[in-house]
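Take a look at the letters that make up each chain.
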Amino acid sequence: MELSEKVAIVTGAGRGLGRAYAEALARNGAKVVVNDVDEAAEEVAAAIGGKAVIAPVGPTETAERLVATAVEEFGRLDVLVTNAGILRDRVLWKMSDDDFDAVINVHLRGTFTCARAAAVRMREQGTGGSLVLISSPAGQRGNFGQTNYAAAKAGIAAMARTWALELAKADIAVNAVIPVAATEMTRTIPAFAPLIEESERNGTPLPAWVRRDEGLGTVEDVAELIVYLASEKAKGVTGQAIGIGGDRLALWSHPAEKHVLFADGGWKADEIAERWDAFQPETYGIPAPVAP
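It should be emphasised that the depicted structure is a prediction, and the values quoted were computed from it without experimental measurement. (Residues numbered from 1 in each chain as written. Predicted model: local features only at pLDDT ≥ 70, side-chain atom pairs only at ≥ 80, totals over all residues. Heavy atoms only, no water.)

Attention now goes to the layout of surface pockets. If you add up the space inside the second largest pocket, you get close to 340 Å³. The wall of the second largest pocket is formed by 13 residues, among which Gln140, Trp252, Ser253, Pro255 and Glu282 lie closest to the centre. Residue assignment for the lining of the second largest pocket shows that the elements contributing at least two residues are helix H5 (137-141) and helix H6 (147-166). A per-class count over the lining of the second largest pocket returns five nonpolar, five polar and three charged. (1 Å grid on protein atoms, 1.4 Å probe; cavity = no way out; pocket = protein on both sides within 12 Å on 5 of 7 lines; lining within 4 Å. Points joined across faces, edges and corners; volume = space filled by probe spheres on them. Helix = DSSP H or I, 4+ residues; strand = E, 2+ residues; numbered from the N terminus. Nonpolar A, V, L, I, M, F, W, Y, C, P; charged D, E, K, R; others polar.)

A word on empty space enclosed by the protein. Within this structure, the stated rule accounts for one cavity of 30 Å³ or more. A volume near 60 Å³ is recorded for the largest cavity. Elements with a minimum of two residues in the lining of the largest cavity: helix H4 (97-125) and H6. The greatest single-element share of the lining of the largest cavity, amounting to five residues, is contributed by H4. For the lining of the largest cavity, the per-class residue count stands at six nonpolar, six polar and one charged.

Time to look at the packing of helix H1 (residues 16-27) against helix H9 (residues 219-230). In the contact formed by H1 and H9, the axes pass within 8 Å of each other and the chain directions differ by 50 degrees. The orientation of H1 with respect to H9, classified from their angle, is oblique. Regarding H1 and H9, the two cross each other, and that crossing is right-handed. Across from Gly16, Leu17, Ala20, Tyr21, Ala24, Leu25 and Arg27 in H1, the residues of H9 making contact are Val219, Glu220, Val222, Ala223, Glu224, Ile226, Val227 and Ala230. Looking at the contact of H1 with H9 residue by residue, the classes come out as 11 nonpolar, one polar and three charged. (Axes fitted to C-alpha atoms, helices over the stretch in contact; angles between N-to-C directions. Parallel < 35°, antiparallel > 145°, perpendicular 65-115°, else oblique. Left-handed = near helix turned anticlockwise from the far one by under 90°. Contact = heavy atoms within 4.5 Å.)

Turning our eyes to something else, we now look at unusual backbone geometry. In most cases, non-glycine residues show a negative phi, while peptide bonds are predominantly trans. One non-glycine residue, Asp171, adopts positive backbone phi at about 60 degrees. Residue Asp171 is classed as partly exposed on the basis of its relative accessible area, which comes to 41%. (Buried < 20%, exposed > 50% of the residue type's maximum accessible area, 1.4 Å probe, protein only.)

Spatial strand order, E3-E2-E1-E4-E5-E6-E7-E8: eight strands in an open sheet with mixed pairing. Looking at strand neighbours, the two that pair on one side only are strand E3 (51-54) and strand E8 (248-252), the edges of this open sheet. Across the sheet, the axes of successive neighbouring strands diverge by a mean angle of 20 degrees, strand direction being ignored. Pairing geometry for strand E7 (residues 241-245) and E8, over five bridges, is antiparallel. By the bridge assignment, Gly245 is partnered in E8 with Arg248. (Pairing = 2+ DSSP bridges.)

Close contact between H1 and helix H2 (residues 40-48) brings their axes to 10 Å; oriented N to C, the two are set at 20 degrees. Our classification of the angle between H1 and H2 gives roughly parallel. Here H1 and H2 pass one another in a crossing that is right-handed. Residue-level inspection shows Arg19, Ala22, Glu23 and Ala26 of H1 in contact with H2, the latter providing Glu43, Val44 and Ile48. For the contact of H1 with H2, the residue count by class is four nonpolar, no polar and three charged.

Attention now moves to the pairing of E3. Direction of pairing for strand E2 (residues 31-36) relative to E3: parallel, over a ladder of four bridges. Following the sheet pairing, Asp36 is matched in E3 by Ile54. Of the crossover connections in this fold, the one passing from E2 over H2 to the parallel E3 is right-handed. (Right-handed = clockwise from strand over helix to strand, strands pointing away.)

Honestly, that's just the spatial picture; any functional story needs more than this.
Listed below in structure tokens is the structure:
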């Protein structure tokens, strides 16, 4: 896919999914600013002909430095991929303030500050652009032990919908991507860890049922969606939450009223109790993999 006229920023691009995104964008012709917190960013940038910025996301200063680097090195900014993230998993009663704040700062605030800086630049350029915000199944369904992470990722999906409205007149598309891939992060998820470990131990691909039914594959499987959203072929695609992993591509629904009841004059608690069985409550949590 032709991206030779595009300039992109990818945060958290020193390894894992972020590296796959940066490599795929560069392979299709884009110039890429590679961000991470250590020298891994320089390694990736050197390999793909990009420019490294070593700094933690979250602070406004980092966001503005990333945008300034894109403009100074490559002349413009067309694509932002907010991928940087960390985990501090604890159940609610054991999660500290620091555990909560650290994850919210990197994922949620980092997405906000980087997207704001990118939007300012793209609006000044007047030629549109694409913000690709990396969310997670945990943000859509919740996940045990991930209060901070799930809250941040749900917030990212909500920001994508909001910014799609706000930036539409500037022709800036905003979408949330919900990836599932074998990475250091997913290795910590009990449902996926044994599958990833077995695949790595044996040197064999993940089973076909895992790739299809669970949508779990390699980081490279996910990267092609990023390339598409960065391209001119994705013009008009905005405000969406798009899942990808393994052999699976999915469009997630937005929250909506599922079943509505009415009571003349409003509801009393006893009436709610009497009629609650008319509802079919939603499931919650990421289902554990089930082998065929």
